[in-house]
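# Coordinate analysis (summary)
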Amino acid sequence: CTVNVLSVLSSIGFRGSVTVAIGSTTPHLESIRATISSYGFSSKIVIDADGLFSLLNNSDVVIGSGGLSLFERMALGKPSVTVVTADNQLQQAQWAANIGATTFVKGMQSSFRKNISGAIDELLLSQELRQTMRNKGMDAIDGKGAERVTNILLGGR
């Protein structure tokens, strides 16, 4: 999926900066390394990041998986395209898309390149969509859940 996303960004003439955050055990890491410098935009790879907060916080737009990082993006108000690569990500990605906090694309389909291209185009071209995603994400995930649970456990409200 990552190589396809990078290729799509290149094909639409993206000229911003891209940071790829990826784990060292990713099966296609070497193909990502081999191709990343061939695109017409500034790019870097961060392997085994110790948390994504600073990377996400310094991003304007994020293309990421439908796992926990989806909720992190929402809490930080980061507009995103969510790529669902496993069945256990589908329900939360659909929920986030339904409330307007992300756009989601299934990563394991033959139409992935076409679908991701359309989703990226729409996100990059619409300031209104990005603002809506920011607001909807932060409204849904405010980052205060642990505090609320602690208050309830300690007998407060």
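Residues numbered from 1 in each chain as written. Predicted model: local features only at pLDDT ≥ 70, side-chain atom pairs only at ≥ 80, totals over all residues. Heavy atoms only, no water.

### Digging into the packing of aromatic side chains
- Tallied over the full model, the rule gives three aromatic pairs.
- Pairing phenylalanine 14 with phenylalanine 41 gives two aromatic rings, centres 5.8 Å apart and planes at 70°, and the pair type is edge-to-face. On the criterion of sequence distance, the pair formed by phenylalanine 14 in the loop between helix 1 (2-11) and strand 1 (17-22) and phenylalanine 41 in the loop between helix 2 (29-35) and strand 2 (42-47) is long-range, its members being 27 residues apart.
- The exposure class assigned to phenylalanine 41 is buried, which follows from its relative accessible area of 7%.
- Aromatic side chains tyrosine 39 and phenylalanine 41 sit 5.5 Å apart centroid to centroid with 5° between the ring planes, which places their arrangement in the stacked category. (Phe/Tyr/Trp six-rings, centres within 6.5 Å; stacked < 30°, edge-to-face > 60°. Helix = DSSP H or I, 4+ residues; strand = E, 2+ residues; numbered from the N terminus. Buried < 20%, exposed > 50% of the residue type's maximum accessible area, 1.4 Å probe, protein only.)

### A few points about helix 6 (residues 112-125)
- With 14 residues, helix 6 should cover 20 Å at 1.5 Å per step; its first-to-last C-alpha distance of 20 Å lies within 8% of that length.
- For helix 6, the secondary structure elements touched by its buried residues are helix 1, strand 3 (62-65), strand 4 (80-84), strand 5 (103-106) and helix 7 (127-140). (Expected span 1.5 Å × (residues − 1). Contact = heavy atoms within 4.5 Å.)

### Digging into the pairing of strand 3
- Pairing of strand 3 with strand 4 involves four bridges; the strand directions are parallel. Each residue of the ladder has a partner; that of valine 62, found in strand 4, is serine 80.
- After leaving strand 3, the chain enters helix 4 (residues 68-76) and then returns to the sheet as strand 4, a path that is right-handed. (Pairing = 2+ DSSP bridges. Right-handed = clockwise from strand over helix to strand, strands pointing away.)

### Details of the nonpolar core
- Judged by nonpolar contacts, the single largest core of 21 residues is most densely connected at Leu6, Val81, Ile116 and Ile120.
- At the level of elements, helix 1, strand 1, helix 2, strand 4 and helix 6 are the ones that each hand at least two residues to this core.
- The element that contributes the greatest number of residues to this core is helix 6, accounting for five residues.
- Contact partners of valine 81, with chain neighbours within four places excluded, come to Val62, Ile63, Gly64, Arg73, Thr102, Thr103, Val105, Ile116, Ala119, Ile120 and Leu123. (Core = buried A, V, L, I, M, F, W, Y, C linked by side-chain atoms within 4.5 Å.)

### A look at the packing of helix 1 against helix 6
- Taken N-terminus to C-terminus, the directions of helix 1 and helix 6 make an angle of 55°; their axes are 10 Å apart at the nearest point. Put simply, helix 1 runs oblique to helix 6. Helix 6 is crossed by helix 1, and the crossing has right-handed handedness. Contact residues: helix 1 offers Asn4, Val5, Ser7, Val8 and Leu9, while helix 6 offers Phe112, Arg113, Ile116, Ser117 and Ile120.
- Counted by class, the contact of helix 1 with helix 6 contains six nonpolar, three polar and one charged residues. (Axes fitted to C-alpha atoms, helices over the stretch in contact; angles between N-to-C directions. Parallel < 35°, antiparallel > 145°, perpendicular 65-115°, else oblique. Left-handed = near helix turned anticlockwise from the far one by under 90°. Nonpolar A, V, L, I, M, F, W, Y, C, P; charged D, E, K, R; others polar.)

### Quick word on the sheet that holds strand 5
- Ordered by their spatial adjacency, three strands build an open sheet running 3-4-5, and the pairing between neighbours is parallel. Of all strands in the sheet, those bounded by a partner on one side alone are strand 3 and strand 5. Adjacent strand axes in the sheet meet at a mean angle of 25°, parallel and antiparallel pairs treated alike.
- Against the sheet, helix 4 contacts strand 3 and strand 4, and its axis sits at roughly 150° relative to strand 3.

### Brief notes about the pattern of salt bridges
- Inspection of the entire model under this criterion finds two salt bridges.
- Residue glutamate 30 is joined to arginine 33 by a salt bridge in which the shortest nitrogen-to-oxygen separation is 2.8 Å. With glutamate 30 and arginine 33 both in helix 2, this residue pair falls three residues apart, about one helical turn.
- The class of glutamate 30 is exposed, set by a relative accessible area of 52%.
- According to the relative accessible area criterion, arginine 33 is partly exposed, its value standing at 41%. (Salt bridge = Lys/Arg side-chain N within 4 Å of Asp/Glu carboxyl O.)

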